[in-house]
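Structural features, examined
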Amino acid sequence: MPRPVKCRKVCHFPNVLEFLPADDTEKKTPIVLTVDEYETIRLLDKKGYSQEQCSESMQIARTTVQRIYEIARKKIADALIDGHPLKIEGGDFIICDGQSSDCSFGGCYKQEIYQKYAVEKGEGIMRIAVTYENGQIFQHFGHTETFKIYDVEEGKVLHSEVVDTNGSGHGALAGVLNALNADVLICGGIGGGAQTALAAAGIKIFGGVSGDADKAVEAFINDTLDYNPDVKCSHHEHNHGEGHTCGEHRCGSHSCH
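- As named in an unreviewed UniProt entry, the protein is DUF134 domain-containing protein, taken from Muricoprocola aceti.
- Taken directly from UniProt, the Sequence similarities (unreviewed entry) text for the protein runs: "Belongs to the UPF0251 family."

Digging into the overall build of the protein
- Scanning the protein from terminus to terminus reveals seven helices and 11 strands.
- When the 257 residues of the protein are sorted by exposure, 48% land in the buried category.
- Counting only contacts in the protein whose residues sit at least 6 apart along the sequence, the fraction spanning at least 24 positions is 70%.
- For the protein, the accessible surface area stands at approximately 12,800 Å², while carbon and sulfur atoms represent 47% of it.

Examining the packing of aromatic side chains
- This model, assessed by the stated rule, comprises three aromatic pairs.
- When the ring of phenylalanine 141 is compared with that of phenylalanine 147, the centres are 6.2 Å apart and the planes differ by 45 degrees; the resulting orientation is tilted. Both residues of the pair, phenylalanine 141 and phenylalanine 147, belong to the buried class.
- For the ring pair phenylalanine 206 and tyrosine 227, a centre distance of 4.8 Å and an interplane angle of 75 degrees mean the geometry is edge-to-face.

Structural notes on the environment of isoleucine 94
- Its place among the elements puts isoleucine 94 in strand β5 (residues 93–95).
- The class for isoleucine 94 is buried, based on a relative accessible area of 0%.
- Counting along the chain gives 36 residues from isoleucine 94 to methionine 58, while the straight-line C-alpha distance between them is 9.4 Å.

Some points on the nonpolar core
- Membership of the largest hydrophobic core comes to 47 residues, with the highest contact counts inside it found for Phe141, Leu177, Leu180 and Leu185.
- Ignoring any residue separated from it by four or fewer positions in sequence, one finds leucine 177 in contact with Ala129, Phe141, Phe147, Ala182, Leu185, Leu198 and Ile203.
- Membership of the second largest hydrophobic core comes to 16 residues, among which are Tyr132, Tyr150, Val209 and Ala219.

Observations regarding the sheet that holds strand β4 (residues 86–88)
- An order of β2-β4-β3 is seen for the three strands of this open sheet, with the pairing classed as mixed. Edge positions in the open sheet fall to β2 (18–19) and β3 (31–33), since each of these has one partner strand only.
- Bridge count between β3 and β4: three bridges; the pairing is parallel. Residue pairing for β4: isoleucine 31 is matched across the bridge by leucine 86.
- Each of β3 and β4 touches helix α1 (residues 35–46); the most contacted strand, β3, lies at about 70 degrees to it.

Description of helix α6 (residues 192–200)
- Where burial is concerned, most of α6 is hidden: eight out of the nine residues are buried.
- Looking at α6, one finds that the buried residues are Gly192, Gly193, Ala194, Gln195, Thr196, Ala197, Leu198 and Ala200.

Looking at helix α2 (residues 51–58)
- Of all the residues in α2, the buried ones are Cys54, Ser55, Ser57 and Met58. Projected onto a plane normal to the axis of α2, the buried residues spread over an arc of 165 degrees and lie on a single side.
- Check the buried side of α2 and you find it contacts β1 (8–10), α1 and α3 (62–82).

Brief notes about the pattern of salt bridges
- Tallied over the full model, the rule gives seven salt bridges.
- A salt bridge links aspartate 78 to lysine 74; the shortest N-O distance between them is 2.8 Å. A residue pair is termed a helical-turn pair when its members lie 3 or 4 positions apart in one helix, as aspartate 78 and lysine 74 do in helix α3 at four residues.
- In this structure, aspartate 214 engages lysine 148 in a salt bridge whose closest nitrogen and oxygen atoms are separated by 3.0 Å. With a gap of 66 residues between them, aspartate 214 in helix α7 (residues 213–221) and lysine 148 in strand β8 (residues 146–153) connect regions that are remote in the sequence.
- Accessibility expressed as a relative area gives 40% for aspartate 214, which makes it partly exposed.

Basis of the calculations
Residue numbers restart at each chain and count upward from 1, following the sequence in its written direction. Since the coordinates come from a predicted model, pLDDT governs what is reported: local features require at least 70, and pairs of side-chain atoms require 80 or more to be given and counted, while whole-chain, interface and lining totals use all residues. Side-chain numbers here rest on the full set of heavy atoms in the structure, without hydrogens or water. UniProt positions are given in the numbering used here, feature names are shortened, and annotations may be inferred rather than shown by experiment. Strands are runs of DSSP state E lasting at least two residues, helices are runs of H or I lasting at least four, and both sets are numbered from the N terminus onward. Exposed residues in this analysis have more than 50% of their type's maximum accessible area, buried residues have under 20%, and partly exposed residues fall in between, with area computed by a 1.4 Å probe over protein chains only. When checking whether two residues touch, look at their non-hydrogen atoms; a contact exists if any pair is within 4.5 Å. In this description, accessible areas are obtained by the Shrake-Rupley approach with a 1.4 Å probe, and a residue is regarded as covered only by the protein chains that are shown. Paired rings are identified among Phe, Tyr and Trp, the last through its six-membered ring, by centres lying within 6.5 Å, and are further divided according to the angle between planes into stacked (under 30 degrees), edge-to-face (over 60) and tilted (the rest). Buried residues of nine kinds, namely Ala, Val, Leu, Ile, Met, Phe, Trp, Tyr and Cys, make up a nonpolar core once their side-chain atoms join them within 4.5 Å. We call two strands paired when DSSP finds no fewer than two bridges between them. All axes are obtained by fitting lines to C-alpha atoms, using only the stretch in contact for helices, and the reported angles, taken between N-to-C directions, cover 0 to 180 degrees. Think of it as the arc spanned by the lines of direction from the helix axis to the C-beta atoms. For this document, the term salt bridge refers to a Lys or Arg side-chain nitrogen within 4 Å of an Asp or Glu carboxyl oxygen.

Quick look at the structure:
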């Protein structure tokens, strides 16, 4: 029996999911870069981590990092040199929720959020997060600077609070919501990458909503919320990957099956 593949922790989901050659007349077969392969490129080439640091961040062996990285570099080279479209989707990964002490080596804002909010959430409570600005639902998920979270039990809001995202960008916001232990997101526009990341974290999305945030949550509780299940964000690619993700709120403590 083959060994189960351990989920690789991803702290930043890709903002853009597809890259196309400017002259795509030949319609070549796309090359697929998995999300965990993308993360090795981000950490090693963009952030300048060593392979050891990368392995600590992704919670996998250094030899695994080296293997994933070599595969990712080869795929990118093939796409660039031979003119193939490059898609980012799938892989064996889990979205970071701030539980790990290795997250950015102690400098991860999601750690602070997790320690404050995830532990406080009691059983039987549903936590709703809303993209928030001046009482209204902020319309661009990837640029939201604050979430308003609502703890709901038996159809009643027990507590609400505005949470600063600390400048987290598109790809990190799913991790922020995961650290908040959110069950539901109500928002305006949201891109395909963010939708995929939230789905991987087990967070249900109700997009295409506008207006007063408190009233939207009330409508959600009463099953009268007007939302768009096919919401798109014009700023980003909207294709969804059908990869193997670990949709849990726990990070690095189990294996994918």
